[in-house]
Each structure stands twice: as structure tokens, then as C-alpha cells.
Amino acid sequence: MWCHDFAGTSAVARVGNDVVGFVIGYLRPTRPDTVVVWQIAVDASQRGRGTAGELLDALVGRLIEQGVRHLETTITPDNAASNALFAALARRWGTTMDTAGTFDAGEFPDEHESEVRFRIGPFPAAPGVRAAS
Ligand SMILES: CC(C)(COP(=O)(O)OP(=O)(O)OC[C@H]1O[C@@H](n2cnc3c(N)ncnc32)[C@H](O)[C@@H]1OP(=O)(O)O)[C@@H](O)C(=O)NCCC(=O)NCCS
């Protein structure tokens, strides 16, 4: 259902015919200049080769053509790979990554670590494209 309804804000990585990674996101309904990355994952056999970075670059490159200027996601503090991934994205695009609050562990109904919310941007506007509003 996600890939059907949110294909424009999602992408997969393939090796041959095999899907080895994906990123899924959506445009914030109240702020469509922001893509929220809901999940990104790369098959364990393919990690550390830049695949997740390429997925995010492809997604951002596609969406700035539609006026997207920011990306938001949540990351658990102990997820070193994910923290490095999004920090590197901000560096590559020459922009900043700021915390935008935390969902504390106690806010989840089950056992769950806290999730820190990050906001990356602004991304450079594509020539001739105005920010989505
Ligand atoms: C997070 C994840 C998607 C990264 O995928 P990947 O293809 O291995 O990432 P990349 O190779 O593009 O590396 C991105 C950055 O993270 C760094 N990195 C990768 N694995 C790392 C690790 N285990 N520890 C620390 N840094 C790591 C890389 O060095 C790179 O940073 P750099 O550009 O500054 O060198 C992957 O580890 C994964 O699927 N994890 C499980 C699912 C998950 O936690 N998703 C994120 C939820 S928010």
C-alpha cells in the first residue's frame, strides 16, 4: 500500500533484480516543502557501501524539483549508522541538520527507545522551482 500510494516519495535500491534497500517517506500534509523519511533500510549484506546515501540523494534530488526544501526523520541516539547517514546527507548538500524535539521513551505504548527528531535543510532550490506551500 505504501509503495502504491507514496511511490513519488519512496525509492528502492536494486542489485540485478533483487531489491536490497528502500527509503519510504511522505510530504508533510501541512507543510509540503518537507519530506518526512519514515524508514530507510539496506540489506545487511550491502551495508557500508554508500547505498543508503545514494537512496537519500536520489530522493532529495527528485523532490527539490517539486519544491521540497527540508527533510525530517527520527533516529534513536544509539543508531550510529543512521546518525552518520543523515549527518553525511546534510554535509553533501551543504546544509544543516538540527534537532527538532524528542519523542521520549515514555510516550510509546510499548518498550521503545526515545526517538530524536531531526530537520535537515534548506536544500538548494532547483532553478526555476518555487518552494512547495
Ligand atoms: C542505517 C542504514 C540504512 C545505513 O545504510 P548503508 O547503506 O550501510 O549506509 P551508507 O553506506 O550510505 O553510509 C552512510 C554513512 O553512515 C556511516 N556508517 C555506515 N554504517 C555505519 C556504522 N555501522 N557505524 C557508524 N557509521 C556507519 C558511513 O560511514 C557513512 O558516513 P560517511 O558518509 O560520513 O562516511 C543501515 O545501517 C540499515 O539498514 N540499518 C538498519 C535499519 C535502520 O536502522 N534504519 C534507520 C532507521 S532511522
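Here is what the cut-offs are and how they apply
Residues numbered from 1 in each chain as written. Predicted model: local features only at pLDDT ≥ 70, side-chain atom pairs only at ≥ 80, totals over all residues. Heavy atoms only, no water. Near = heavy atom within 4 Å. Polar contact = N/O pair within 3.5 Å; in protein donor to acceptor, adjacent residues only side chain to side chain. Areas by Shrake-Rupley, 256 points an atom, 1.4 Å probe, with all protein chains shown as cover. 1 Å grid on protein atoms, 1.4 Å probe; cavity = no way out; pocket = protein on both sides within 12 Å on 5 of 7 lines; lining within 4 Å. Sits in = over half its atoms within 2 Å of the grid points. Helix = DSSP H or I, 4+ residues; strand = E, 2+ residues; numbered from the N terminus. Nonpolar A, V, L, I, M, F, W, Y, C, P; charged D, E, K, R; others polar. Pairing = 2+ DSSP bridges. Axes fitted to C-alpha atoms, helices over the stretch in contact; angles between N-to-C directions. Contact = heavy atoms within 4.5 Å.

Caption draft 1: Spotlight on the site of the ligand. In the vicinity of the ligand there are 20 residues, among which Ile40, Val42, Gly48, Gly50 and Asn79 approach most closely. In the environment of the ligand, an oxygen atom lies 2.7 Å from a nitrogen or oxygen atom belonging to the backbone of Gly50. A distance of 2.8 Å is found between an oxygen atom of the ligand and a side-chain nitrogen or oxygen belonging to Arg91. For the ligand, the protein covers 65% of the area, taking 940 Å² as the surface of the free molecule. In this structure the site holding the ligand corresponds to the largest pocket. Of all elements in the fold, only strand 3 (31-42), helix 2 (51-64) and helix 3 (80-92) reach the threshold of two or more residues within the shell around the ligand. Residue classes in the shell around the ligand are distributed as nine nonpolar, eight polar and three charged.

Caption draft 2: Seen up close, unusual backbone geometry. Between Gly121 and the following residue, Pro122, the backbone shows a cis peptide bond with an omega angle of 5°. Tracing the chain through its elements places Pro122 in the segment after strand 6 (115-121).

Caption draft 3: Highlighting the sheet that holds strand 4 (residues 70-75). Taken in spatial order, the six strands of this open sheet run 1-2-3-4-6-5, and their pairing is mixed. Both edges of this open sheet fall to strand 1 (10-15) and strand 5 (96-103), since each of them pairs with a single strand only. The average undirected angle you get between the axes of adjacent strands in this sheet is 25°. Pairing of strand 5 with strand 6, which is carried by six bridges, proceeds in the antiparallel orientation. Bridge assignment links Thr96 to a residue of strand 6, and that residue is Gly121. Each of strand 1, strand 2 (18-28), strand 3 and strand 4 touches helix 2; the most contacted strand, strand 3, lies at about 160° to it. Here helix 3 sits on the sheet in contact with strand 3, strand 4, strand 5 and strand 6, set at roughly 165° to strand 4.

Everything listed here is a matter of coordinates, which is why it stays silent on function.
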